[in-house]
Amino acid sequence: MAAVAKKATSDATKQYNYAWTGKDKTGKVIKGETRAAGDAAVAANLRRQGIQVTSVKKVKRGGGKKITEKDITLFTRQLAVMMKAGVPLLQAFDIVGRGHSNPSVGKLLLDIKTDVETGSSLGQAFRKYPNYFDALFCNLVSAGEAAGILDTLLDRLATYKEKILAIKGKIKSALFYPVSIIVTALVVTAVIMIFVIPVFKDLFKSFGADLPGPTLFVMAISDFFVNNWWWLFGTIGGGIWFFFYSWKRSVTMQRMMDRMFLRIPIFGEVLRKASIARWCRTLSTMFAAGVPLVESLDSVAGAAGNYVYYEATKKIQAEVSSGTALTLAMTNSQVFPSMVLQMVAIGEESGSLDAMLSKVADFFEQEVDEAVESLSSLMEPMIMVILGGLIGGIVVAMYLPIFKMGQAI
């Protein structure tokens, strides 16, 4: 009996997407889409809004793709533009949801719209989906609703997310090229060792002469690859999987890797500048929205993107909450350069902390852009030299016996 009751409750609360058509109080035909338990619930909800329903039809959607940070950024910008244009909130959700190319985003926005229709505030509705809307996003939306400046804060939030997305893209582009070249080099080398070198080995057996040292060395490596490739690739693949699995789930691993990344020559400095830019941009956005400093630092810690800066921000938050000035707390953390500390001190004294932090973020974002461009131009010839030396060395080692045979003739 309990199982039947539980199933009945589950069926009753299950919601579906419905497209509806109706007329408003002036007789104008309007259309929309919403989520509800049934078409009767849709009609009742529309009647409460003064809409005369003419048709309600269930909408079937495909599974859709995964919702990415880019999707959320685009939605934030679209919502900000429509709010500034005076489009009602629910209608804006309806327009963005139905017009999005990813059905998963459309479903998410319809769920949020349904929550707002049933009495939740927009901030509360966003908090139900922490996988897509972090604490910073929800805090800013709630602050905008409370102050009556939701359109302004949405615009600021959209700008913030666009800048953060851009700096993440710069870091990824800086890392993608060398990683892809290294992977390609390893694959090409493995193919040569497993399939090409054994052919040369069979050919050299008919020479009946001593082979040069480099040739014997390459052939020994090839024999090792041929005899052990199955466990070699299995070990490498398993090791990579275990590394990323531990990295995502182990705080100790994250702390260790983030510290190590910041110490890597050249790349570490780029990552440090990117973390500082994100830290300053986040705090500037939160502070400008009127969120208290201690509460802002809570969101800043998670947005820094590096565990070193996460721990430093938590220490800064603890000191600020006990009455310490922000500049002194940042100085005690020993992770910020003097330029950042001087700008923050000026901002605190002049009462324009958000503006100063925004200038610091702009400066470091520009530094990241220039560093990535320099890295791209510097690494291309270096990688080509290394790749050419590796493949060229193998080729020369295998052709040495043929050259010697030609000289003997």
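Residues numbered from 1 in each chain as written. Predicted model: local features only at pLDDT ≥ 70, side-chain atom pairs only at ≥ 80, totals over all residues. Heavy atoms only, no water.

Caption draft 1: Up close: the overall build of the protein chain. Scanning the protein chain from terminus to terminus reveals 16 helices and 3 strands. Taking 2.2 N^0.38 as the reference for a compact globule, 409 residues should give roughly 22 Å; the C-alpha atoms of the protein chain span a radius of gyration of 30 Å, well beyond that estimate. By residue count, 39% of the 409 residues in the protein chain fall in the buried class. Within the protein chain, contacts between residues at least 6 apart in sequence are counted, and of these 61% link residues at least 24 apart. In the form shown here, the protein chain has an accessible surface area of approximately 22,500 Å², with 62% of it arising from carbon and sulfur atoms. With 45 positive and 34 negative side-chain charges, the protein chain shows a spacing of 9 Å between the two charge centroids. (Helix = DSSP H or I, 4+ residues; strand = E, 2+ residues; numbered from the N terminus. Rg over C-alpha atoms; globule rule 2.2 N^0.38 Å. Buried < 20%, exposed > 50% of the residue type's maximum accessible area, 1.4 Å probe, protein only. Contact = heavy atoms within 4.5 Å. Areas by Shrake-Rupley, 256 points an atom, 1.4 Å probe, with all protein chains shown as cover. Lys, Arg positive; Asp, Glu negative; His and termini not counted. Charge placed at Lys NZ, Arg CZ, Asp CG, Glu CD.)

Caption draft 2: Molecular detail of the packing of aromatic side chains. Counted according to the given criterion, the structure contains 13 aromatic pairs. Look at F75 and F133: their rings are 6.3 Å apart centre to centre, the planes differ by 70°, and that puts the pair in the edge-to-face class. Here the residue F75 occupies a position in helix α3 (residues 69-84), and F133 occupies one in the loop between α6 (122-127) and α7 (135-147), the gap between them amounting to 58 residues. Across this residue pair, the class does not change: F75 and F133 are buried. Arranged with centres 6.4 Å apart and planes meeting at 40°, the rings of F93 and F126 form a pair that is tilted. With F93 in helix α4 (residues 89-99) and F126 in helix α6, this pair connects stretches of sequence that are 33 residues apart. We classify F93 as buried; its relative accessible area is 1%. Owing to a relative accessible area of 0%, F126 belongs among the buried residues under this scheme. Taken together, the ring pairs connect F75, F93, F126, F133 and F137 into an aromatic cluster. (Phe/Tyr/Trp six-rings, centres within 6.5 Å; stacked < 30°, edge-to-face > 60°.)

Caption draft 3: Representation of empty space enclosed by the protein in the model. Per the stated rule, a full pass over the model turns up 1 cavity of 30 Å³ or more. Here the largest cavity defines a volume of roughly 30 Å³. Looking at the largest cavity, the residues that line it are I171, A174, L175, F267, V270 and L271. Looking at side-chain class alone, the lining of the largest cavity contains 6 nonpolar, no polar and no charged residues. (1 Å grid on protein atoms, 1.4 Å probe; cavity = no way out; pocket = protein on both sides within 12 Å on 5 of 7 lines; lining within 4 Å. Points joined across faces, edges and corners; volume = space filled by probe spheres on them. Nonpolar A, V, L, I, M, F, W, Y, C, P; charged D, E, K, R; others polar.)

Caption draft 4: Just a nonpolar patch on the surface, in detail. Where nonpolar side chains cluster on the molecular surface, the patch consists of F224, W229, W230, W231, F233, I236, I240 and F244 and spans about 850 Å² of accessible area. Relative to the helices and strands, I240 resides in helix α9 (residues 213-249). (Patch = residues over 30% accessible without salt bridge, like charges linked within 9 Å, V, L, I, M, F, W, Y side chains within 5 Å. Salt bridge = Lys/Arg side-chain N within 4 Å of Asp/Glu carboxyl O.)

Caption draft 5: Region of interest: the packing of α4 against helix α5 (residues 103-117). α5 packs onto α4 with a crossing angle of 165° between their chain directions and a minimal axis gap of 9 Å. Classified by the angle between their axes, α4 and α5 sit roughly antiparallel to one another. Here α4 runs over α5; the crossing is left-handed. Listed contacts from α5 to L89, L90, F93, D94, V96 and G97 of α4 are G106, L109, L110, I112, K113, V116 and E117. When grouped by side-chain class, the residues that make up the contact of α4 with α5 number 8 nonpolar, 2 polar and 3 charged. (Axes fitted to C-alpha atoms, helices over the stretch in contact; angles between N-to-C directions. Parallel < 35°, antiparallel > 145°, perpendicular 65-115°, else oblique. Left-handed = near helix turned anticlockwise from the far one by under 90°.)

Caption draft 6: Just the pattern of salt bridges, in detail. In total, this model carries 14 salt bridges according to the counting rule given. A salt bridge links E311 to R255, with the nearest nitrogen and oxygen atoms 2.6 Å apart. Residue E311 is found in helix α13 (residues 307-321), and its partner R255 is found in helix α10 (residues 251-263); the two are separated by 56 residues along the sequence. A salt bridge links D362 to R281; the shortest N-O distance between them is 2.5 Å.

Caption draft 7: Representation of α9 in the model. For α9, which comprises 37 residues, the first-to-last C-alpha distance of 47 Å sits more than 12% below the rise-based estimate of 54 Å (1.5 Å per residue). Along α9, the sharpest change in direction is near 80° and occurs at N228. Burial in α9 covers these residues: T215, V218, M219, S222, F225, N228, L232 and S246. (Expected span 1.5 Å × (residues − 1). Bend = angle between axes of the 7 residues up to and from the residue.)

Caption draft 8: Broad picture of the nonpolar core. Of all hydrophobic cores here, the largest spans 41 residues; its most connected members are W279, I316, L326, M330, F336 and V340. For this core, the elements supplying multiple residues, two or more each, are α8 (150-205), α11 (267-288), α12 (293-303), α13, α14 (326-333), α15 (338-350) and α16 (353-408). For M330, the contacting residues outside a window of four places in its chain are W279, I316, F336, V340, L341 and V344. Residues F75, L122, Y129 and C138 belong to the second largest nonpolar core, which totals 35 residues. (Core = buried A, V, L, I, M, F, W, Y, C linked by side-chain atoms within 4.5 Å.)

Caption draft 9: Structural context of the side chain of D115. By the element assignment, D115 lies in helix α5. Those residues in contact with D115, other than ones at most four positions away along the chain, are S120, A125, K128 and Y129.

Caption draft 10: Spatial organisation of α12. Of all the positions in α12, only L293, S296, L297, S299, V300, A301 and A303 are classed as buried. Turning to α12, the residues buried within the fold contact α7, α8, α11, α13 and α14. Downstream of α12 by one or two residues, G305 has phi in the positive range, about 85°.

Caption draft 11: Structural view of the environment of V188. Along the chain, V188 turns up in helix α8. Given the relative accessible area of 36%, V188 is considered partly exposed.

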